[in-house]
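Descriptive analysis of the structure
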Number of protein chains: 2
Amino acid sequence: MRRLANRRQQLALACLLTLLWPLSLLAAEPLPSWRDGPSKSAIETFVKAVTDKGSPDYVAPAERIAVFDNDGTLWSEQPAYFQILFAFDEVKRMAPQHPEWKTTQPFKAVLENDHKALSATGMDGLMKIVGATHTGISTEAFMKNAKAWLASARHPKTGRPYTEMIYQPMLELLDYLRQEDFKTYIVSGGEVTFMRAFAEKVYGIPPEQVIGTTFVTAWQPGATPSILRTPKLAHNDDGPGKPESIDSIIGRRPLLAFGNSDGDLQMLQWTAAGSGKRFVGLVHHTDAKREWAYDRQSSIGRLDKALDQAKQQSWTIVDMAAEWRRVYPFDAPADEHVQ
Amino acid sequence: MRRLANRRQQLALACLLTLLWPLSLLAAEPLPSWRDGPSKSAIETFVKAVTDKGSPDYVAPAERIAVFDNDGTLWSEQPAYFQILFAFDEVKRMAPQHPEWKTTQPFKAVLENDHKALSATGMDGLMKIVGATHTGISTEAFMKNAKAWLASARHPKTGRPYTEMIYQPMLELLDYLRQEDFKTYIVSGGEVTFMRAFAEKVYGIPPEQVIGTTFVTAWQPGATPSILRTPKLAHNDDGPGKPESIDSIIGRRPLLAFGNSDGDLQMLQWTAAGSGKRFVGLVHHTDAKREWAYDRQSSIGRLDKALDQAKQQSWTIVDMAAEWRRVYPFDAPADEHVQ
């Protein structure tokens, strides 16, 4: 009997070890697509410092707010912001209902794929395109349009759905932070409902944690009330608009912030200026082979002033080419076992 | 040995039962300050319907959004909105730095407690008082002012701190909903930072789940950046402003909404018009003895159109006098064991 009991104990111990084995692996390696290097080390050191109850830098879970820019930080933004490519496709889809667009700029340029004529219409032309495709309908109708486009559109370079052009290392970072009781937010210049159309499914970020550019809306009463999107901009969530919306909507200063361009600078400054330990990071697009390489000279996602300040203040600058094992989830994890 | 083992088993069973006993009590009685009656029954029936996995009305936890008005729904609002009483006290506190207020309306009226002269300045006067006491400083400085007032000010009728004049039955409802994986939000005409000064401590509602009226803010760069509150109104979170902010900030339609006045009507309509089962409730101030009794004729918290619609649509109307065992946490639970 005693010997049997011992065998049972041994068996139970073996079962327990088998069950715990993957857990211990998981705990040891929360960021598998990050190569061992300064960024991974800085992230892990920071997270341990603010979550370890014995640490002098410990922060209560309720205060663990992490904010992420979207374009160029969580997904790609080349050859143009994906939301702009959506707007162009929407102009084409809606054209049959707008015969006047055949002869009116900037719509004519979009319909004829005339990049030169489109550029000539400038920011004013772009705003007209965004207005025509993003407003004048209810939030629900716009959400439906965005989802339909995301389901069918393909990126001109990769041929992939846009929602697959997300950064695998950043997905792992979001997961890692949530496992450590951080609340993960998007704070982006993108329009808020467009981002909500995919953020929950793709990033695990629920609509109420997506902050972005908004249009003034108008309550439409009736038996089936709705919320109409008007063409008037309510909030431009770029540059100083980012700390302003964080203050207005979250009401706490982030503990961690990640961006990739000068449009994120004030959000990073606001985070860095908080008391106690804070983490401030930039995704640096250095990978012309697997993604794109651009910074100071780019018209999209320009990283110039924020790069200077990151260097001065020793913020974390993620060298995409050197520090990421893979960029997209669909990339082969070529060197996963090499490192 | 065998007998000892049996005794150990009995002991373990006894321990287990002892541990589970209070849990089972808790599960059986989540709303102890609500008398058995139509409102308590409607709440419990609704919560069970949307949280029971076997129910045809089951809703996933991520979609369980509950929104509450604040003034008159979670705490009292008589003889005036507490935030207005705060503004009056702030005028008095700030008066030494503003000698011109002694001779300028509406400030003169506040300093002299001249209700008639104050009334004569109307909404314009009130806006001047709110502007002078709520803006021109950083969010952090305003938060500090609000917290200092909440810690020291006392209600003219009860002599209690304002943060004690909260409704015990609603605290229990908030707890009950959170236990059932609802995310509880405030959506109120009150200014957002004023409410954040106490909502987390008093209601267990974190700042990022407080939505309210906001002022336009302006990023102030520098070594210690700050967010300046300007006197320009950004969003008036009353009436149609409530579903608009829910749409903009939460991005999901609430599953449950509670209000107490016509200013909540559109939020209630928006909630009620959602697909599937929804809960819409009104706190009806019927208790002149323990709180205040007012509805259709009141200038504060007028409940007229929303009361008509609640009756038409069979929304839940909470009769405070009849259905609440106690109003405030400091009330003696007089009839707790009578029912």
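Each remark here, short or long, concerns the structure printed above.
What counts as what
Residues numbered from 1 in each chain as written. Chains lettered and ligands numbered in written order. Predicted model: local features only at pLDDT ≥ 70, side-chain atom pairs only at ≥ 80, totals over all residues. Heavy atoms only, no water. Helix = DSSP H or I, 4+ residues; strand = E, 2+ residues; numbered from the N terminus. Buried < 20%, exposed > 50% of the residue type's maximum accessible area, 1.4 Å probe, protein only. Contact = heavy atoms within 4.5 Å. Areas by Shrake-Rupley, 256 points an atom, 1.4 Å probe, with all protein chains shown as cover. Axes fitted to C-alpha atoms, helices over the stretch in contact; angles between N-to-C directions. Parallel < 35°, antiparallel > 145°, perpendicular 65-115°, else oblique. Nonpolar A, V, L, I, M, F, W, Y, C, P; charged D, E, K, R; others polar. Buried area = accessible area lost by both parts, 1.4 Å probe. Salt bridge = Lys/Arg side-chain N within 4 Å of Asp/Glu carboxyl O. Polar contact = N/O pair within 3.5 Å; in protein donor to acceptor, adjacent residues only side chain to side chain. Pairing = 2+ DSSP bridges. Least-squares fit on C-alpha atoms with pLDDT ≥ 70 in both. Phe/Tyr/Trp six-rings, centres within 6.5 Å; stacked < 30°, edge-to-face > 60°. Lys, Arg positive; Asp, Glu negative; His and termini not counted. Left-handed = near helix turned anticlockwise from the far one by under 90°.

Scanning chain A for helices and strands turns up 13 helices and seven strands. In chain A, buried positions account for 53% of the 339 residues. Long-range contacts, defined here as pairs at least 24 residues apart, represent 64% of the contacts in chain A between residues at least 6 apart. Here chain A displays about 15800 Å² of accessible surface, and carbon together with sulfur accounts for 55% of that area.

Residues and elements named next belong to chain B. Two elements in contact, helix α3 (residues 82-94) and helix α5 (residues 115-134), have axes whose closest approach is 10 Å; the angle formed by their N-to-C orientations is 70°. Taken together, α3 and α5 sit at an angle that is classed as roughly perpendicular. Packed against α3, whose contacting residues are Q83, I84, F86, A87, F88, E90, V91 and M94, the element α5 presents L118, L126, I129, V130, A132, T133 and H134 at the interface. By residue class, the composition of the contact of α3 with α5 is eleven nonpolar, three polar and one charged.

All right, on to the interface of chain B and chain A then. On the chain A side, the residues contacting the 35 residues of chain B number 35 residues. In this assembly, chain B packs against chain A so that about 2800 Å² is buried in total across both faces, 51% of it on carbon and sulfur atoms. Across the chain B-chain A interface, the total number found is eight salt bridges. A salt bridge links B:R253 to A:E140; its shortest N-O distance comes to 3.2 Å. Where chain B packs against chain A, one counts 22 residue pairs in polar contact (both at pLDDT 80 or more). Per element, the largest residue contribution to the side of chain B that touches chain A is six residues, and it comes from helix α9 (residues 241-250) of chain B. Across the side of chain B that touches chain A, the residue classes tally to 17 nonpolar, nine polar and nine charged.

To continue, consider the sheet that holds strand β7 (residues 316-319) of chain A. All names here are of chain A. Ordered by their spatial adjacency, seven strands build an open sheet running β4-β3-β2-β1-β5-β6-β7, and the pairing between neighbours is mixed. Looking at the sheet topology across the chains shown, the edges are occupied by β4 (226-235) and β7. Strand-to-strand twist of the sheet, defined as the mean angle between neighbouring strand axes without regard to direction, takes the value 35°. By the bridge criterion, three bridges tie strand β2 (residues 183-191) to strand β3 (residues 210-220) in an arrangement that is parallel. The residue bridging I186 from the neighbouring strand is V210, located in β3.

Attention now moves to helix α11 (residues 265-272) of chain A. In an α-helix, one turn spans 3.6 residues, which is why side chains three or four residues apart end up on the same side. With seven of eight residues buried, α11(A) is to be regarded as a mostly interior element. Turning to α11(A), its buried residues are A:L265, A:Q266, A:M267, A:L268, A:Q269, A:W270 and A:T271.

In screw terms, the move from chain B to chain A is a rotation of 180° and a rise of 0.0 Å along the axis, fitting with an RMSD of 0.0 Å. Such a turn and shift between the copies fits a two-fold axis. Residues of chain B ranked by C-alpha distance from the rotation axis are headed by B:I249, positioned 3.6 Å from it. In this assembly the copies share their binding face: 100% of the residues contributing to the interface of chain B also contribute to that of chain A.

This paragraph deals with the packing of aromatic side chains. All names here are of chain A. Going through the model one piece at a time under the given rule, you end up with 38 aromatic pairs over all chains. Residues Y167 and W324 carry aromatic rings whose centres are separated by 5.3 Å and whose planes lie at 50° to one another, so their mutual orientation is tilted. Here W324 lies in the segment after α13 (320-323) and Y167 lies in the loop between α7 (139-152) and α8 (168-179), a separation of 157 residues in the sequence. Of the two residues examined, Y167 and W324, each falls in the buried class.

Bringing the pattern of salt bridges into the picture now. All chains considered together, the criterion is met by 36 salt bridges over all chains. One salt bridge in this structure joins B:E164 and B:R160, with 3.3 Å as the shortest N-O distance. Classification of B:R160 as partly exposed rests on a relative accessible area of 31%. Each of A:E63, A:K183, A:R252, B:E200 and B:E208 takes part in salt bridges that share partners, so that together they form one network.

Before going further, it helps to spend a moment on the side chain of A:R196. Relative to the elements of secondary structure, A:R196 occurs in helix α9 (residues 192-203). Notably, A:R196 is buried but unbridged: the nearest opposite-charge side chain belongs to B:D247, and the N-O separation is 6.0 Å. At 2.8 Å, the side chain of A:R196 forms a polar contact with the backbone oxygen of B:S248. Excluding residues within four positions of it along the chain, A:R196 makes contact with A:M143, A:P207, A:V210, B:D247, B:S248, B:I249, B:I250 and B:G251.

We now examine the sheet that holds strand β2 (residues 183-191) of chain B. Residues and elements named next belong to chain B. Taking strand neighbours across the sheet as the criterion, the seven strands line up as β4-β3-β2-β1-β5-β6-β7 in an open arrangement whose pairing is mixed. Because the sheet does not close on itself, it has two edges, and the strands there are β4 (226-235) and β7 (316-319). When strand polarity is set aside, the average angle formed by the axes of neighbouring strands in this sheet is 35°. The sheet contact formed by strand β1 (residues 65-68) and β2 spans four bridges and is parallel. Note on β2: the bridge partner recorded for A66 is T184.

Time to look at unusual backbone geometry. Excluding glycine, a negative phi dihedral is what most residues carry, and trans is how most peptide bonds are arranged. Residues and elements named next belong to chain A. A cis geometry characterises the amide bond from Q78 onward to P79, with omega recorded as 0°. Among the secondary structure elements, P79 is positioned in the loop between β1 (65-68) and α3 (82-94). Between Q105 and P106 the backbone carries a cis peptide bond, its omega angle lying at 5°. With respect to the helices, strands and loops of the structure, P106 is situated in the loop between α3 and α4 (107-111).

Residue and element names in this part refer to chain B. Relative orientation of the contacting elements helix α2 (residues 38-51) and helix α7 (residues 168-179) amounts to 15°, with a least axis distance of 11 Å. Comparing the axis directions of α2 and α7 gives the class roughly parallel. Regarding α2 and α7, the two cross each other, and that crossing is right-handed. Counted together, I43, E44 and V47 of α2 and L173, Y176 and L177 of α7 form the full contact between these two elements. Here the residues of the contact of α2 with α7 sort into five nonpolar, no polar and one charged.

Looking at where B:Q269 falls in the secondary structure, it is placed in helix α10 (residues 265-272). Looking at B:Q269, its side chain comes within polar contact range of the side chain of B:Q309, at 2.8 Å. In this structure, B:Q269 is in contact with A:W219, A:P225, B:Q309 and B:W315, ignoring residues within four places of it in sequence.

Residues and elements named next belong to chain B. Here β1 shows a buried face lined by I65 and V67 and a second buried face lined by A66 and F68. Across three bridges, β1 lies against strand β5 (residues 256-259) in parallel orientation. Bridging from a neighbouring strand, F68 pairs with F258 of β5.

Here we take up the environment of A:D57. All names here are of chain A. Topologically, D57 is positioned in the loop between α2 (38-51) and β1. Of the residues examined, D57 reaches a relative accessible area of 28% and is grouped as partly exposed. Considering only alpha carbons, one finds D57 and A310, 253 residues apart in sequence, at a separation of 22 Å. Those residues in contact with D57 that lie beyond four places of it in its chain are A49, V50 and K277.

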